[in-house]
Amino acid sequence: MASSFPTRTVVPRNFKLLEELEAAQKGQHEGSVSWGLEANDDMSLSRWVCMIIGPTRTPYEGRIHTLKVHCGDRYPEEPPAVRFQTRINLTGVSANGNVDPKSVPSLRNWNRDMTIHQVLNDIRASMSAKENAKLSQPPEGALYPSQ
């Protein structure tokens, strides 16, 4: 007897990450965020380097913020780990640059259909939030120690 439940095709991890890489390379976004592989020979598609341009009329305006994103073996079932390389004062970012998943809507409510692009857009949107409007920022170009 056939099941009355619709079946859903589950896209394998590497296919999902290849789709995300292709979207980044084709520039299928508005340009205020970008992402790509940290190393071209990363066959596991795990380590990504990302960029967010600070929104206008915020303490982040005119700055380019770099981040590292790590997609673990359980991605996209589990969200990626996100860490700023550029020092930043932003709600939800720890003293070493790690982004608290609870502070980013797409990480907090993660599902396998979400993308690195959505995470970056959510972080950029938080830069315009009222609670971040008056935060003084570290000197431009300051970096967190490597981990």
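Above this text sits the structure in question.
Residues numbered from 1 in each chain as written. Predicted model: local features only at pLDDT ≥ 70, side-chain atom pairs only at ≥ 80, totals over all residues. Heavy atoms only, no water.

This part takes up empty space enclosed by the protein. One pass over the structure, following the stated rule, counts one cavity of 30 Å³ or more. Of the volumes computed, that of the largest cavity is approximately 40 Å³. Taken together, the residues of the lining of the largest cavity sort by class into six nonpolar, four polar and no charged. (1 Å grid on protein atoms, 1.4 Å probe; cavity = no way out; pocket = protein on both sides within 12 Å on 5 of 7 lines; lining within 4 Å. Points joined across faces, edges and corners; volume = space filled by probe spheres on them. Nonpolar A, V, L, I, M, F, W, Y, C, P; charged D, E, K, R; others polar.)

Next up on the list: the nonpolar core. Trp-35, Trp-48, Phe-84, Ile-116 and Ile-123 are the most contacted members of the largest nonpolar core, which totals 32 residues. When residues of this core are traced back to their parent elements, those giving at least two are helix H1 (13–25), strand S1 (33–37), strand S2 (47–53), strand S3 (64–70), strand S4 (81–84) and helix H3 (116–126). The contacts of Phe-84, once residues within four sequence positions are left out, are His-65, Thr-66, Leu-67, Leu-90, Val-93, Gly-97, Val-99, Ile-123, Met-127 and Tyr-144. (Core = buried A, V, L, I, M, F, W, Y, C linked by side-chain atoms within 4.5 Å. Buried < 20%, exposed > 50% of the residue type's maximum accessible area, 1.4 Å probe, protein only. Helix = DSSP H or I, 4+ residues; strand = E, 2+ residues; numbered from the N terminus. Contact = heavy atoms within 4.5 Å.)

Below, the discussion takes up the pattern of salt bridges. One pass over the full model with this rule turns up six salt bridges. In this structure, Glu-20 engages Lys-16 in a salt bridge whose closest nitrogen and oxygen atoms are separated by 3.7 Å. One end of the pair is Glu-20 and the other is Lys-16, both in helix H1 and four residues apart, which spans about a single turn. Each of the two residues, Glu-20 as well as Lys-16, counts as buried. Across the salt bridge formed by Glu-22 and Lys-26, the nearest N and O atoms sit 2.8 Å from each other. (Salt bridge = Lys/Arg side-chain N within 4 Å of Asp/Glu carboxyl O.)

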